[in-house]
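Observations on chain architecture
Given next are the chains, with one letter for each unit.
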Amino acid sequence: MTIQTNATENLIRRFDEAAERFDAAVEAGSYRVAMTQADRMLAIAHDIPAGEAYRKAAFDAMGTMHQWRTERSLES
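Throughout what follows, the structure given in this document is the object of discussion. (Residues numbered from 1 in each chain as written. Predicted model: local features only at pLDDT ≥ 70, side-chain atom pairs only at ≥ 80, totals over all residues. Heavy atoms only, no water.)

Notes on unusual backbone geometry
We count it as follows: In this description a helix means any DSSP run of H or I spanning at least four residues, a strand means any run of E spanning at least two, and both kinds are numbered starting from the N terminus.
In this model, Ala50 sits at a positive phi of 50 degrees, which is unusual for a non-glycine residue. In this structure, Ala50 sits in the loop between helix H2 (31–45) and helix H3 (52–75).

A word on the nonpolar core
Applied cut-off: The nonpolar core is taken to be a set of buried Ala, Val, Leu, Ile, Met, Phe, Trp, Tyr and Cys residues, with the residues joined through side-chain atoms within 4.5 Å. Categorising residues by exposure relies on relative accessible area from a 1.4 Å probe, with only protein chains included: less than 20% of the type maximum marks a residue as buried, more than 50% marks it as exposed, and the intermediate range marks it as partly exposed. Residue contacts are counted whenever heavy atoms from the two residues lie within 4.5 Å of one another.
In this structure, Phe15, Phe22, Ala34, Met41, Ala58 and Met65 are the most contacted members of the largest nonpolar core, which totals 18 residues. Listed by contribution, the elements that provide at least two residues to this core are helix H1 (2–28), H2 and H3. The biggest single contributor to this core is H2, with 7 residues. With residues near it in sequence (within four places) discarded, Ala58 still touches Phe15, Met41, Leu42 and Ala45.

Here's the deal with the environment of Asn10
Inspection of the secondary structure assignment puts Asn10 in helix H1. It is 25 Å that separates the C-alpha atoms of Asn10 and Gly63, two residues lying 53 residues apart in sequence.

Overview of a negative patch on the surface
Counted only if it meets this: Surface patches are defined over residues having more than 30% relative accessible area and no salt bridge, joining like charges when they lie within 9 Å and nonpolar side chains (Val, Leu, Ile, Met, Phe, Trp, Tyr) when within 5 Å. Each accessible area value is a Shrake-Rupley result obtained with a 1.4 Å probe; residue values ignore everything except the protein chains displayed when judging cover. Salt bridges are counted wherever a side-chain nitrogen of Lys or Arg sits within 4 Å of a carboxyl oxygen of Asp or Glu. A residue counts as positive if it is Lys or Arg and as negative if it is Asp or Glu; His and the chain ends are not included. All charge positions are set by atom: Lys at NZ, Arg at CZ, Asp at CG, Glu at CD.
A cluster of acidic residues, Asp16, Glu20, Asp23 and Glu27, forms a negative patch at the surface. Along the chain, Asp16 turns up in helix H1.

Regarding the packing of aromatic side chains
Given two aromatic rings, one states the distance between the centres and the angle between the planes to describe the pair. Inclusion rule: Put simply, two rings from Phe, Tyr or Trp (the six-membered ring, in Trp's case) pair if the centres are within 6.5 Å, and we call them stacked under 30 degrees between planes, edge-to-face over 60, tilted for the rest.
What the rule picks out here adds up to 2 aromatic pairs. When the centroid spacing of 5.0 Å and the interplanar angle of 85 degrees are considered together, the rings of Phe15 and Tyr54 count as edge-to-face. In this pair, Phe15 is assigned in helix H1 and Tyr54 in helix H3, connecting sequence segments 39 residues apart. The exposure class of Phe15 is buried, given its relative accessible area of 4%. Ring geometry for Tyr31 and Trp68: centres 5.3 Å apart, planes at 80 degrees, overall edge-to-face. One end of the pair, Tyr31, is in helix H2; the other, Trp68, is in helix H3, with 37 residues separating them in the sequence. For the pair formed by Tyr31 and Trp68, the shared burial category is buried.

In structure tokens:
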């Protein structure tokens, strides 16, 4: 059980780090970095046992990226 707990904690830590980088990239206006971090969040969230809240946060980040892409294409 300890190995699984440690693995889950590691996944959560990696998710949190990606989320922080995502937020910073959105704030800085860096679309590519934000998209990379949103993808990373989604991939990690799928590996977290009982991680519904993490999956929702990752899907919200992907929704932000979709909205951002739409707004950018309308500006062009």
